[in-house]
Amino acid sequence: VTFDETLRLPRLRNGREVLERIHYIQEHDIVFRRNAERGEIWADKRRAGSNEKFQLIQLSDGQVALKGSIGYLATKKRGGRAVYAKSNDLGPLERWTLISNADGTVSLRADGSDHLLYAMSGSASLCDAIRPDIASDEKFHTVRHDDGTVSLKTAKKGLFVSVHSSVSSRDPVN
């Protein structure tokens, strides 16, 4: 279940009620989030459609670029920020180092930084590039499609990385 941030919760009277509410939210996989911006990258889909497919482009310097449905996967200011895919220009912010992990997963490091593509554990999550070390939230399975594209699937929750193509709430159901 996903709720928009405009949802109003009743005022809780004490710490026990707060803990009970948190436990309920976690047990029922409820996600509170704001509306997504066009081009934002989320890990929130159970199936790979057109917005979950990327052209994996091998660059001459050994790095890669990933072109999504509306642009290249890019960081803001070489990592440490949200990740978007809305630029059609291939510059330094759209370059990634593809790391093959021992467990068969991959990780993506933003060009010129120590920041890795990161999808927070949980149901739907906004992706960013903020962490320097590879842990489970920085690992992805690559899924190859017949049309030559690839999808990134989170190693921990099995959700596909998706380019948000319009301004509206994200629905993690499909």
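Residues numbered from 1 in each chain as written. Predicted model: local features only at pLDDT ≥ 70, side-chain atom pairs only at ≥ 80, totals over all residues. Heavy atoms only, no water.

Asks: Give a description of the environment of I130 that names residues and reports values.
Replies: If you trace the backbone, I130 turns up in strand β11 (residues 125-131). Residues I130 and H115, 15 residues apart in the sequence, show an inter-C-alpha distance of 5.0 Å. (Helix = DSSP H or I, 4+ residues; strand = E, 2+ residues; numbered from the N terminus.)

Asks: Can you tell me about the pattern of salt bridges, naming the residues and giving the values?
Replies: Evaluation of the coordinates by the stated rule reveals five salt bridges. A salt bridge links R95 to D61; the nearest nitrogen and oxygen atoms lie 2.4 Å apart. Of this pair, R95 sits in the loop between β7 (81-87) and β8 (96-100) while D61 is found in the loop between β4 (55-58) and β5 (64-67), placing the two residues 34 residues apart along the sequence. Close ionic contact of R131 with E138 constitutes a salt bridge, the shortest N to O distance being 3.5 Å. Taken together, the shared-partner salt bridges connect R131, D137 and E138 into one network. (Salt bridge = Lys/Arg side-chain N within 4 Å of Asp/Glu carboxyl O.)

Asks: Tell me about the nonpolar core, and please be specific about residues and values.
Replies: Ranked by internal contacts, the top residues of the largest apolar core, which has 22 residues, are I41, W96, L108 and L117. Where this core is concerned, the elements lending two or more residues are β3 (41-45), β5, β7, β9 (106-110), β10 (116-119), β11, β13 (150-154) and β14 (160-163). If one sorts the elements of this core by residue count, β9 sits on top with three residues. Those residues in contact with L117 that lie beyond four places of it in its chain are V83, W96, L108, C127, D128, A129, D137, E138, F140 and L152. (Core = buried A, V, L, I, M, F, W, Y, C linked by side-chain atoms within 4.5 Å. Buried < 20%, exposed > 50% of the residue type's maximum accessible area, 1.4 Å probe, protein only. Contact = heavy atoms within 4.5 Å.)

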